[in-house]
Amino acid sequence: MTALAIFGICLSLALLMFLAYRGINVLLLAPIMAMVAVVFSGGTTPLLLGTYTQLFMAELGKYLAKFFPLFMLGALFGKVMDDSGSARVIAHQIASWAGKKQAILAIVLACAVLTYGGVSLFVVAFAVYPIAKSLFREEDIPKRLIPGAIALGSFTFTMTALPGTPAIQNAIPTAYFHTTPYAAPGLGTIGGLIMFVGGVLWLNWRANRARVAGEGYGDHKDQSEGVGSSSVAAPSFTVALIPILLVMVLNFVFSQQVIPAMDTAFLSQAKYGGVKVGAVAGIWSIVLAVGCATLFAFVANRRRLADLADTINKGTLGSMLPMLNTASEVGYGGVIASLAAFGIVRDAMTSLSSNPVISVAITVNVLAAITGSASGGLSIAMASLGDYFLNQAQAAHVSPEIMHRIASMSAGGFDCMPHNGAVITLLGICGLKHRESFLDIFVVASCITVVAGICVIILNSLFGTF
């Protein structure tokens with residue numbers, strides 16, 4: 001029975017990955033695939049029903065309770081920055097500073113500034129693509145390299161490595177390791193630099209090879225010519241940039257000074273969950289920072305927002321699908337973790353190394369690859385093994401900060417599989433196919449990211465957490 005149960009878990013994971021790649025939404029897939037695993041573990045009809053309502057939905061609800069504000073405010077902030085023209089202004093200015101001869105660097109930096117400032121990577125892709133298309137055409141760089149440049153600036157160092165990033169992948173570990181978004185800032189910065197430099201070098205090498213081979217921009221119809229355009233009078237660069245700076249500065253101030261100085265003794269009461277402030281401080285700081293930046297962006301761009309109610313509604317509703325998709329994957333992970341056979345699978349993954357840092361890196365990378373989602377894989381790992389990893393780290397006298405940083409960086413490792421939703425969306429925006437651009441996305445967003453994670457682990461073992 002144990003072998004059959006393990007087969008059921010593997011089968012459900014394989015089907016989840018395959019069917020998600022085929023375009024089936026995980027809102028439907030996740031509970032069905034969870035039940036497949038339960039059936040192979042000997043589940044009866046009453047057990048299936050109980051598992052769905054009492055386990056799957058309970059884990060889904062817990063995730064929403066923790067991270068709903070981050071998704072909603074992040075989507076709203078991105079919508080305001082998009083509708084006001086601020087995102088395009090920032091991208092244009094950075095591209096202008098970098099110069100036409102540095103098209104790849106310009107696009108990477110433009111995406112990096114926007115995503116590190118809290119703008120949704122989907123908004124960034126729509127805003128930056130028209131600029132990238134123009135620069136790459138002028139410099140005669142193959143269009144197929146545009147997705148790689150956008151992915152490097154949006155899916156890598158600003159998402160998981162740089163300290164303080166407001167990305168959900170940097171917020172999730174705070175609830176389990178009782179850390180802040182600024183965990184292991186020195187090591188995170190070094191890891192981020194490795195991703196950035198390595199990715200730019202790869203893309204420039206690919207561009208040079210194409211130039212030697214006589215390959216130019218290519219013959220593309222560029223049907224998405226209107227993407228990112230707007231009739232709205234654009235704000236000045238200063239006005240556009242202030243909300244981004246507010247997210248960065250306020251996130252630091254709230255997490256390092258304001259929240260630690262608050263009287264939070266009431267959190268120990270049962271009605272507040274009986275938690276310590278460390279379990280919620282990281283989420284609080286990002287929520288407050290993004291909330292304040294969003295409010296400023298609304299006020300500063302009020303005249304540029306043609307329909308304020310439409311911006312608010314589309315921004316908030318735009319958070320629903322990605323949030324529910326991730327929550328469904330977490331519900332799936334909760335069901336799998338409840339199965340007796342999962343203990344064997346868990347022990348197999350975690351026993352690959354006695355070092356808890358390496359163990360969390362392997363586990364998160366594997367789950368992110370299977371789900372094709374950085375936040376989904378990380379959420380499943382933390383929901384099912386977060387307490388285990390924390391206990392292992394404490395027993396080995398390993399800093400929770402390095403556990404946080406490696407967990408976050410690993411989420412952005414092998415998540416960029418062909419069935420990754422962000423990859424599919426990015427290729428759609430650029431009007432390109434997997435066979436044209438996926439290799440470069442995979443190298444800059446997965447391979448180099450994993451190398452950066454390994455380097456950070458080695459540095460931590462040599463010099464400790466800093």
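Residues numbered from 1 in each chain as written. Predicted model: local features only at pLDDT ≥ 70, side-chain atom pairs only at ≥ 80, totals over all residues. Heavy atoms only, no water.

**Things to note about the packing of aromatic side chains**
Under the defined criterion, the tally for this structure stands at twelve aromatic pairs. Plain terms: the ring middles of phenylalanine 7 and phenylalanine 40 are 5.6 Å apart, the flat faces sit at 70 degrees to each other, and that makes the pair edge-to-face. Of this pair, phenylalanine 7 sits in helix α1 (residues 2–21) while phenylalanine 40 sits in helix α2 (residues 26–40); the two residues are 33 residues apart in sequence, bridging distant segments of the chain. Residue phenylalanine 40 is classed as partly exposed on the basis of its relative accessible area of 22%. Taken together, the ring pairs connect Tyr63, Phe67 and Phe71 into an aromatic cluster. (Phe/Tyr/Trp six-rings, centres within 6.5 Å; stacked < 30°, edge-to-face > 60°. Helix = DSSP H or I, 4+ residues; strand = E, 2+ residues; numbered from the N terminus. Buried < 20%, exposed > 50% of the residue type's maximum accessible area, 1.4 Å probe, protein only.)

**Considering the packing of helix α4 (residues 86–98) against helix α6 (residues 121–139)**
Axis angle and axis distance: for two packed helices, these are the angle between their axes and the distance between the axes, and together they describe the pair. In the contact formed by α4 and α6, the axes pass within 8 Å of each other and the chain directions differ by 30 degrees. Considered as vectors, α4 and α6 are oriented roughly parallel to each other. In this structure, the crossing between α4 and α6 has a hand that is right-handed. In this structure, α4 uses Ala87, Arg88, Ala91, His92 and Ala95 to contact α6, whose residues at the interface are Ala127, Val128, Ile131 and Leu135. Partitioned by chemical class, the residues of the contact of α4 with α6 number seven nonpolar, one polar and one charged. (Axes fitted to C-alpha atoms, helices over the stretch in contact; angles between N-to-C directions. Parallel < 35°, antiparallel > 145°, perpendicular 65-115°, else oblique. Left-handed = near helix turned anticlockwise from the far one by under 90°. Contact = heavy atoms within 4.5 Å. Nonpolar A, V, L, I, M, F, W, Y, C, P; charged D, E, K, R; others polar.)

**Brief notes about the environment of glycine 343**
Secondary-structure assignment places glycine 343 in helix α16 (residues 340–350). Separated by 36 residues in sequence, glycine 343 and serine 379 have C-alpha atoms that sit 18 Å apart.

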